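Listed below are the residues making up each chain.
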Protein chains: 4
Amino acid sequence: MFKSVGLVARYDKKHAIKLAEELAQYLKTKGLKVYIEDTLAGKINAQGKLVPLANMKTDFIITIGGDGTILRTCIAVPKPEPPILAINMGVRGFLTEVEPKNACVAVEKCLNGEYKIEKCAKLALSTGGEAAPDALNDVVISAGEPSKILYTQIFKDEKPILKCQADGLIVSTQTGSTGYSLSAGGPVLDKEVDAFVLTPICSLTVFHSIVFPADSKVTIKAIRPKKVLVLIDGNYRLATAKEPTLTVTRSKNVTSFIRFKDDFYNRLRSRLLFKGTG
Amino acid sequence: MFKSVGLVARYDKKHAIKLAEELAQYLKTKGLKVYIEDTLAGKINAQGKLVPLANMKTDFIITIGGDGTILRTCIAVPKPEPPILAINMGVRGFLTEVEPKNACVAVEKCLNGEYKIEKCAKLALSTGGEAAPDALNDVVISAGEPSKILYTQIFKDEKPILKCQADGLIVSTQTGSTGYSLSAGGPVLDKEVDAFVLTPICSLTVFHSIVFPADSKVTIKAIRPKKVLVLIDGNYRLATAKEPTLTVTRSKNVTSFIRFKDDFYNRLRSRLLFKGTG
Amino acid sequence: MFKSVGLVARYDKKHAIKLAEELAQYLKTKGLKVYIEDTLAGKINAQGKLVPLANMKTDFIITIGGDGTILRTCIAVPKPEPPILAINMGVRGFLTEVEPKNACVAVEKCLNGEYKIEKCAKLALSTGGEAAPDALNDVVISAGEPSKILYTQIFKDEKPILKCQADGLIVSTQTGSTGYSLSAGGPVLDKEVDAFVLTPICSLTVFHSIVFPADSKVTIKAIRPKKVLVLIDGNYRLATAKEPTLTVTRSKNVTSFIRFKDDFYNRLRSRLLFKGTG
Amino acid sequence: MFKSVGLVARYDKKHAIKLAEELAQYLKTKGLKVYIEDTLAGKINAQGKLVPLANMKTDFIITIGGDGTILRTCIAVPKPEPPILAINMGVRGFLTEVEPKNACVAVEKCLNGEYKIEKCAKLALSTGGEAAPDALNDVVISAGEPSKILYTQIFKDEKPILKCQADGLIVSTQTGSTGYSLSAGGPVLDKEVDAFVLTPICSLTVFHSIVFPADSKVTIKAIRPKKVLVLIDGNYRLATAKEPTLTVTRSKNVTSFIRFKDDFYNRLRSRLLFKGTG
């Protein structure tokens, strides 16, 4: 039984904030403790405690936005992550579950326990430098700008396997395989396959996506340039040592989504034929 | 301890037959019973019993040729398959282990037990029609000629997931992922990942490779045209019913290769930069 | 002023034949001589002379069908080709101009001279063997079945430039660049660029599309296998000598389409997001 | 007859500077006026006038380095550009003509007039903001970092044709088509085709390379984000207005290379199978 809930909404969209207000009201009525992300302070008119994501220890979280809103939530909330009900109010909502007009019905189902939990594997990143949050979608290492070549050596379980010269490399989970990795030419990983995938970005040398077993340890050693850019879920920018060595493994943490039906391949279809906002 | 050996060689290459003769002689000397594929009858000058592949029940098999020679051997030999020592005398020898000049040393190591066995998963194909051999590399379903569109519906574990219009579809093992599937734009599957991959050939609709867990059941239903061509390992042509439904799962059989070192990624590198014979 | 018209329709679709009947009636009323493709004999109930495509010397032609109907018309009609008004009654109608419900209005505009002519370059194919019709979309050379490698040498203006091992090669016009060549990974050629494009199908070796100037002479020499399959516009199957040498140049003939607006990029968008009939 | 020569060399490679010294000496002996790029000041021990690239008005220029050295030379030297003899001392030397050991022989041939000139088209970029140098390879517009989507609208000759959501867009010359555009999946443009090519980088939406006629005017309007990064030849970073509109046309300038043989397709082969320095 859910007794507390966190609300995270895009703060640049009036409709998102308005929906957050309505849901806060509704959840309050239902007797839940409501916590609201503090970036909405001064923008939202709702009763609820304002807290930073990092303190949002609630029974579940409602995100109102697109994939970006979900990804930054997963990075910041305390572990283990509470399950997320994702309402789509974004340009790209491939991870979301519910359209805004169905938000109230969906929340009611949640409170009645009429849902399934979809657990999504995450990637753990370790490097000599700063501690890094886990990735739900992907870890991207690059020279920091397009057409600037990053020269790397790749290891699997400590053994050197290939070198690569490319704009960058994407290490992606099953969830992320329909995101940036797909745009770069990578395969779709069925959500039940126990694996992650390495995909080069605009490789100068001949190089294809490689699918590794989930229990592998993939290490990427930057040879040139000395400074690289590491991005986690397109959101979190990691400061690295010079000529860094990044090691990627499956995380012990997972992200949980509240789902009402099993529609991985419906979401995939909408992703493949995505027309953007134009 | 190996007591019997099968010899399979390309019958269109003198060097291959000559090497087969030398090895037959050598193996005889070492006290092994030698069986030779009967397609070499009249071409080879060696003591050894001529048998068809389907009767080659030996402790191990030596193939002298390229990937084609290995694939047709795996299709035909009795199950469970004896391990294969593959000597490279082909245009494409990505699966082979030993260059001809090292053949004798390699055979000696085999007899001394100085080798590892690499087990490779295979795919089982079932259809309403004819019984089909397992695939070491891939199952290809197509309309039978380039630019003729095959329209299919794809199911995972009985659930419809996607439709596809393409020249054809490749279902490939880890081993086969560096073969035809790669040429069609598919990913490389690390040999330890427990998965197989579906890759479209020249898709008219937007469609990417999908990596499925090894225990999935992937079904391809041909919608149009009514007659399709099914090829197993590029060798075995399957007669199908009209508008056939093909179901692909992991086979209970495996192919075993005799290896002296672990060089999946060396073989991959030679594959990626393959220049052909030109 | 149009005084005679040819009618070509899919003979496997009742709606297409019915529309042909209506248009024949309408055109008759307007005083035109109506010729109907003789494959409709016994299927169509209309006044009009039944003639084979090869004898259809009319002022313009109306096709009722998809791209396949247009392509087989262009291959067979006497040269120079009369302009084509293409009514879409096919699965793939990327080349068509008019939806069936607007057919009568479109025909009226034609008779009033309210249209533009879009001239499309064609490719001429010469080989030691049989004379070949020009291609509006593409010339495809292949080993005849998927996963069977065709090994070729490619020349530009008599000079050898590259070798290729692939399922096949597509030489495509601007018009064809949004067809099979695109499915094989080729670029879109803007219809005003004076060029044609060579695209490999599932290349085993590293090979990309090459865009040649329209006045080049591109020669493809088949090295292996000895027998190859040559397809023109996906329709016309060319018998070739063994180990044939094919030479492709721009044809002196063009295909002319009747267009009411300039919508190359609209057609491209519908092509890129094509969902098939599923 | 060449009476003056400019010398440009990588200043981070001793061998390049040493070769520059030898060539300076040799050219002096032959009676030429020698100008040396002033970035070598203090590093090179040679008689010759130190000048910035922007003042290097000489009869021809020798570059000692890789493609990067050539590209920055072409951007900076006064127009019309003197012909370039490119000696390969770089990681990527696809544009270079001569290996270091043949440098002296090549220079002698130059002085004897035993060479051909290869003229390469360039792209002119205009924008509301800063004046921009022409591109020999490509103009790249992006959001500035991998996985950050740039949303653009594309126009041909003032007409809107397509929208695109991608990491970025590359507009590439024939010369540049074997560079970054190829890495991003674009086609090779034969050097005689009168065209340039637009290639998306990791497109989120379905989008392919488009080949435009050389006399087109292609305009890219950035819709989101407001700030974009424009890179010319991977070297020159253009400051743009917010939400900039970039217009690309063929430049009236060309770059001229001194060539001893016609080997576009040899260079292409080395590019396709490029292994990097690993």
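What counts as what
- Residues numbered from 1 in each chain as written.
- Chains lettered and ligands numbered in written order.
- Predicted model: local features only at pLDDT ≥ 70, side-chain atom pairs only at ≥ 80, totals over all residues.
- Heavy atoms only, no water.
- Patch = residues over 30% accessible without salt bridge, like charges linked within 9 Å, V, L, I, M, F, W, Y side chains within 5 Å.
- Areas by Shrake-Rupley, 256 points an atom, 1.4 Å probe, with all protein chains shown as cover.
- Salt bridge = Lys/Arg side-chain N within 4 Å of Asp/Glu carboxyl O.
- Lys, Arg positive; Asp, Glu negative; His and termini not counted.
- Charge placed at Lys NZ, Arg CZ, Asp CG, Glu CD.
- Helix = DSSP H or I, 4+ residues; strand = E, 2+ residues; numbered from the N terminus.
- Buried < 20%, exposed > 50% of the residue type's maximum accessible area, 1.4 Å probe, protein only.
- Phe/Tyr/Trp six-rings, centres within 6.5 Å; stacked < 30°, edge-to-face > 60°.
- Lys NZ or Arg CZ within 6 Å of the ring centre and 35° of its normal.
- Contact = heavy atoms within 4.5 Å.
- Buried area = accessible area lost by both parts, 1.4 Å probe.
- Polar contact = N/O pair within 3.5 Å; in protein donor to acceptor, adjacent residues only side chain to side chain.
- Pairing = 2+ DSSP bridges.
- Axes fitted to C-alpha atoms, helices over the stretch in contact; angles between N-to-C directions.
- Left-handed = near helix turned anticlockwise from the far one by under 90°.
- Nonpolar A, V, L, I, M, F, W, Y, C, P; charged D, E, K, R; others polar.

Q: Would you mind going over a positive patch on the surface with me for this structure?
A: Residues and elements named next belong to chain A. A cluster of basic residues, Lys148, Lys226, Lys227 and Lys242, forms a positive patch on the protein surface. Mapped onto the fold, Lys148 is located in the loop between strand S7 (138–142) and strand S8 (150–156). With relative accessibility at 37%, the residue Lys148 sits in the partly exposed group.

Q: What's the story with the packing of aromatic side chains in this structure? I'm lost.
A: Each pair of aromatic rings is reported with the distance of its centres and the angle of its planes. Here the structure, examined in full by the defined rule, presents 16 aromatic pairs over all chains. Their ring planes at 15° and their centres at 5.7 Å tell us that Phe2 of chain B and Tyr115 of chain B sit as a pair that is stacked. Pair noted here: Phe2 of chain B is in the segment before strand S1 (4–9) and Tyr115 of chain B is in the loop between helix H3 (103–111) and strand S6 (116–127), with a separation of 113 residues, a long-range link. Since its relative accessible area comes to 26%, Tyr115 of chain B is described here as partly exposed. An aromatic cluster is built from Phe2, Phe60 and Tyr115 of chain A, whose rings are joined through pairwise contacts. The ring of Phe257 of chain C carries Arg259 of chain C above its face, with NZ or CZ at 4.6 Å from the centroid.

Q: I keep staring at the interface of chain C and chain B and nothing clicks. Help me out?
A: Interfaces are often sized by the amount of accessible area the parts lose when they come together. Each side of the interface is counted separately: chain C has 34 residues, and chain B has 34 residues. Roughly 2,600 Å² is buried in total at the junction of chain C and chain B, and carbon and sulfur atoms are behind 55% of that figure. Three residues, Pro146, Cys202 and Leu204 of chain C, lead the burial of chain C against chain B; their summed loss comes to 21% of the area buried on that side. At the boundary of chain C and chain B, one finds 0 salt bridges. Along the contact surface separating chain C from chain B lie 8 residue pairs in polar contact (both at pLDDT 80 or more). Of all the secondary-structure elements, those providing two or more residues to the side of chain C that touches chain B are strand S7 (138–142), strand S9 (159–172), helix H4 (180–183), strand S11 (195–203), strand S14 (229–232) and helix H5 (264–272) of chain C.

Q: Help me understand the pairing of S8 of chain A, please; the structure alone is not making it clear to me.
A: A regular strand carries its side chains on alternate faces of the sheet. Residues and elements named next belong to chain A. For S8, the buried fraction is high: 7 of the 7 residues fall into the buried class. Side chains Leu150, Thr152, Ile154 and Lys156 of S8 all project onto a buried face; the interleaved residues Tyr151, Gln153 and Phe155 project onto the opposite face, where all are buried too. Hairpin remark: S8 followed by strand S9 (residues 159–172), antiparallel, with 2 residues in the connecting loop; positive phi at Asp157, about 50°. Relative to strand S13 (residues 218–224), S8 is paired through 6 bridges, and the arrangement is antiparallel.

Q: What is the right way to look at the side chain of Ser183 of chain D in this model?
A: Secondary-structure assignment places Ser183 of chain D in helix H4 (residues 180–183). Within the local environment of Ser183 of chain D, its side chain forms a polar contact with the backbone oxygen of Ser203 of chain A, the two atoms lying 3.4 Å apart. Contacts of Ser183 of chain D, omitting those with residues within four sequence positions, involve Cys202, Ser203 and Leu204 of chain A together with Arg271 of chain D.

Q: I keep staring at the packing of helix H1 (residues 14–29) of chain B against H3 of chain B and nothing clicks. Help me out?
A: Angle between the axes and distance between the axes: these two values describe a pair of packed helices. All names here are of chain B. At a minimum axis distance of 11 Å, the contact between H1 and H3 shows a crossing angle of 35°. The hand of the H1/H3 crossing is right-handed. Of H3, the residues touching H1 (which contributes Leu19, Leu23, Tyr26 and Leu27) are Ala103, Cys104, Val107, Glu108 and Leu111. Of the residues that constitute the contact of H1 with H3, the class distribution is 8 nonpolar, no polar and 1 charged.

Q: I would appreciate a short explanation of the pattern of salt bridges in the present structure.
A: Any two side chains of opposite charge can pair, so long as their charged atoms come close to each other. Per the counting criterion, the structure on display carries 56 salt bridges over all chains. Between Arg250 of chain A and Asp194 of chain A there is a salt bridge, with the nearest N and O atoms lying 2.9 Å from each other. On the criterion of sequence distance, the pair formed by Arg250 of chain A in strand S16 (residues 245–259) and Asp194 of chain A in the loop between strand S10 (188–189) and strand S11 (195–203) is long-range, its members being 56 residues apart. In this structure Arg250 of chain A comes out as partly exposed when scored by relative accessible area, which is 38%. One salt bridge in this structure joins Asp190 of chain D and Lys156 of chain C, with 2.9 Å as the shortest N-O distance. Here the residue Asp190 of chain D occupies a position in the loop between strand S10 (188–189) and strand S11 (195–203), and Lys156 of chain C occupies one in strand S8 (residues 150–156), the pair thus bridging two chains. The pair Asp190 of chain D / Lys156 of chain C is uniform in exposure class, with both members buried. What emerges from the salt-bridge pattern is a single network uniting Glu97, Glu118, Arg259, Lys261, Asp263 and Arg267 of chain A.

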